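Given next are the chains, with one letter for each unit.
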Amino acid sequence: MPEYIKQVAITGDISRIGTDDDLIRAWCSEVAKEIYEQKCEFAVVHVQGLHSAENPDYAARVICGCITDNPEIYRAFDSSFAFFDTKLTGLGNLYLFKNHSDVQYYNRFSSTGYINLRTGHQHSIGVKECDGFIQNTFGQSYTFRKDFYNDDGTRDLANQRTGFLLARFRIHGKEVTFVNLNLHSVPFEDVNEIATKNASLTKAAAKREDQIEMLLKELDDEGLRNDAILVAGSFNSQLHETDLLNYLAKTQLVQTVAKKDEDGNVESIEHVDRHGRRTTTVERTRFDLHSIHDWFFRLGRGQMVKRYNGELADVAFKGNLKEETCFFQPSRHYELNEKGKEEFQRTLCPAWSDRILYNDKMNDLFRHDSFCASGLYYGLVAEEKFVGPHKPVALHASICLK
């Protein structure tokens, strides 16, 4: 048995490209490339936002097929295990293994507990449930995709579902649990809250924290808290935008102008310099730093705004989960401008929304060595290529088997 094996974990949200077949295939190509270039023993791919596709089952098959049928992936791994839950959570979990004989998956309904993984591909798509996986919607009741549509039949991306999908494996004798999740998100700027709230914890952040607590309780109830746990998904965390705007106003020496609606709620915030030029505009569907917007959020790979990326610090999670430092620019929201160049959107504040966290047990298995290739790496996938508004995030790590 080797002393160390390499793993690659990737999480990505396809909720804004679900209807674009070319972009989904480009997304898959970049994810596959990230995996096979690392020559890892096993790989984790967590997908969110399947319900945004016109045909979620088709999108799931494209993703599974494009990744597992990639020639480099096909040569590197002898088996894969996947469940794409297009009925309930809209989440998809795909696991690739170099040698199936080293792996067992856990089925809580089996009398033997762990079941040997077979060679080849075991993919379940479009079924209500799948052996080896646990679904949860944070206590919300959903009728299959009905609530994802407006009354006129158009898709309502603002009504994306929340929940998690987990799987447990025994890999080289080590018990590990992988959790894919999609937490509460706000598809618009709550301008009144930004203008009036001094506390760092917004209403949306408080709801996400509650959902994390539900996840941790479920792990306790399932008897999994003693496993090595990795949580990779759409945490949908936001920057502390009130503090960010205060910083911009102070450093740019501008005047802050707040406009209110008929009910007295703040509906827009603007920064105006001494020449009368707008330097910042925040509205319900706009977060725009005007001439410095893209430069500011990219500067130093996002390090200018990193100080406002503290939402998960409070949760982090009361000692339950850890995270590597985000030395990469925000994972969303991207678009192509009229010249075909990728830049940050001006409809929502960019943020590190896609994250990979882990517990102490998993941390103990990691080889922490920043001076060699086997150390931890945490960063963006497709950093130089447009694959949609949300860039996938990857964690490379060497697992100690001793």
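This text goes with the structure placed above it.
Residues numbered from 1 in each chain as written. Predicted model: local features only at pLDDT ≥ 70, side-chain atom pairs only at ≥ 80, totals over all residues. Heavy atoms only, no water.

## A closer look at the overall build of the protein chain
Of the regular secondary structure elements, the protein chain holds 9 helices and 20 strands. Against the 2.2 N^0.38 benchmark of 21 Å for 402 residues, the protein chain shows a C-alpha radius of gyration of 21 Å, consistent with a compact globule. If you line up the protein chain on its principal axes, its C-alpha atoms span 70 × 55 × 45 Å. Scored against the burial criterion, the 402 residues of the protein chain give a buried share of 54%. Taking as baseline every contact in the protein chain between residues at least 6 positions apart, the subset at least 24 positions apart corresponds to 71%. Total accessible area on the protein chain is roughly 17,700 Å²; 45% of this is exposed by carbon and sulfur atoms. (Helix = DSSP H or I, 4+ residues; strand = E, 2+ residues; numbered from the N terminus. Rg over C-alpha atoms; globule rule 2.2 N^0.38 Å. Buried < 20%, exposed > 50% of the residue type's maximum accessible area, 1.4 Å probe, protein only. Contact = heavy atoms within 4.5 Å. Areas by Shrake-Rupley, 256 points an atom, 1.4 Å probe, with all protein chains shown as cover.)

## Considerations on unusual backbone geometry
Residue Arg-332 is joined to His-333 through a cis peptide bond whose omega torsion reads 20°. Non-glycine residue Phe-138 carries a positive phi angle of around 55°. Of note in this structure, Asn-236 is not a glycine but carries a positive phi near 55°. Structurally, Asn-236 can be placed in the loop between strand S11 (228-234) and helix H6 (241-252).

## Observations regarding the sheet that holds strand S19 (residues 377-380)
With mixed pairing, the 7 strands of this open sheet are ordered in space as S7-S3-S4-S2-S1-S20-S19. Looking along the sheet, the strands with just one partner apiece sit at the ends: strand S7 (120-125) and S19. Along the sheet, successive strands turn relative to each other by an average axial angle of 10°, direction set aside. Where strand S3 (residues 79-85) lies against strand S4 (residues 91-97), 7 bridges are found, and the strand directions are antiparallel. Within S4, the position partnered with Ser-80 by the bridge is Leu-96. The sheet strands contacting helix H1 (residues 21-36) are strand S1 (4-13), strand S2 (42-48), S4, S19 and strand S20 (393-400), and the helix crosses S1 at an angle near 165°. With respect to the sheet, helix H2 (residues 56-68) is in contact with S2, S3, S4 and S7, its orientation differing from that of S7 by roughly 165°. (Pairing = 2+ DSSP bridges. Axes fitted to C-alpha atoms, helices over the stretch in contact; angles between N-to-C directions.)

## Things to note about the pattern of salt bridges
By the definition in use, this model includes 22 salt bridges. A salt bridge links Asp-190 to Lys-203; the nearest nitrogen and oxygen atoms lie 3.7 Å apart. Of this pair, Asp-190 sits in the loop between strand S10 (174-182) and helix H4 (191-196) while Lys-203 sits in helix H5 (residues 203-221); the two residues are 13 residues apart in sequence, bridging distant segments of the chain. When its relative accessible area of 59% is taken as the criterion, Lys-203 is described as exposed. The residue Asp-360 makes a salt bridge to Lys-322 at a minimum N-O spacing of 3.2 Å. (Salt bridge = Lys/Arg side-chain N within 4 Å of Asp/Glu carboxyl O.)

## Concerning the packing of aromatic side chains
Within the structure shown, the criterion is met by 19 aromatic pairs. Ring geometry for Tyr-358 and Phe-366: centres 4.9 Å apart, planes at 75°, overall edge-to-face. No difference in accessibility class separates Tyr-358 from Phe-366, as the two residues are buried. Among the aromatic residues, ring-to-ring pairing joins Phe-42, Phe-81, Phe-83, Tyr-95, Phe-97, Tyr-105, Phe-133, Phe-169 and Phe-178 into one connected group. (Phe/Tyr/Trp six-rings, centres within 6.5 Å; stacked < 30°, edge-to-face > 60°.)

## Re H6
Note that an α-helix has 3.6 residues per turn; residues three or four places apart therefore point the same way. With 12 residues, H6 ought to run about 16 Å at 1.5 Å a step, and its terminal C-alpha atoms sit 16 Å apart, in line with that. Downstream of H6 by one or two residues, Leu-253 has phi in the positive range, about 55°. (Expected span 1.5 Å × (residues − 1).)

## Quick look at the state of the cysteines
Among covalent bonds in proteins, the disulfide is the one between the sulfur atoms of two cysteines. For the coordinates displayed, the defined rule picks out 0 disulfides. Left without a disulfide partner, Cys-66 is nearest to the cysteine sulfur of Cys-28, which lies 4.7 Å away. Given the relative accessible area of 23%, Cys-66 is considered partly exposed. With no disulfide of its own, Cys-130 lies closest to Cys-64 among cysteine sulfurs, the gap being 11 Å. (Disulfide = S-S within 2.5 Å.)

## Thoughts on the sheet that holds strand S13 (residues 266-272)
In spatial order, the strands read S12-S13-S14-S15; together these 4 strands make up an open sheet with antiparallel pairing. Looking at strand neighbours, the two that pair on one side only are strand S12 (255-260) and strand S15 (286-288), the edges of this open sheet. Sheet twist, expressed as the mean angle between neighbouring strand axes with direction ignored, is 20°. In this structure, strand S14 (residues 278-283) lies alongside S15, joined through 3 bridges in antiparallel fashion. Each bridged residue has a counterpart across the sheet, and for Thr-281 the counterpart in S15 is Asp-288.

## Overview of the nonpolar core
Among the nonpolar cores identified, the biggest contains 57 residues, and Phe-169, Phe-178, Leu-244 and Phe-297 are the most heavily contacted of them. With 34 residues, the next largest nonpolar core counts Leu-23, Ile-24, Val-45 and Leu-50 among its residues. (Core = buried A, V, L, I, M, F, W, Y, C linked by side-chain atoms within 4.5 Å.)

## Examining empty space enclosed by the protein
Applying the stated criterion to the full structure yields 3 cavities of 30 Å³ or more. Lining of the largest cavity is provided by Ile-5, Phe-42, Ile-171, Lys-174, Val-176, Met-362, Leu-365, Ile-399 and Leu-401. Elements with a minimum of two residues in the lining of the largest cavity: S10 and helix H9 (360-365). A class-by-class count of the residues in the lining of the largest cavity yields 8 nonpolar, no polar and 1 charged. In this structure, the second largest cavity occupies an estimated 40 Å³ of space. (1 Å grid on protein atoms, 1.4 Å probe; cavity = no way out; pocket = protein on both sides within 12 Å on 5 of 7 lines; lining within 4 Å. Points joined across faces, edges and corners; volume = space filled by probe spheres on them. Nonpolar A, V, L, I, M, F, W, Y, C, P; charged D, E, K, R; others polar.)

Honestly, that's just the spatial picture; any functional story needs more than this.
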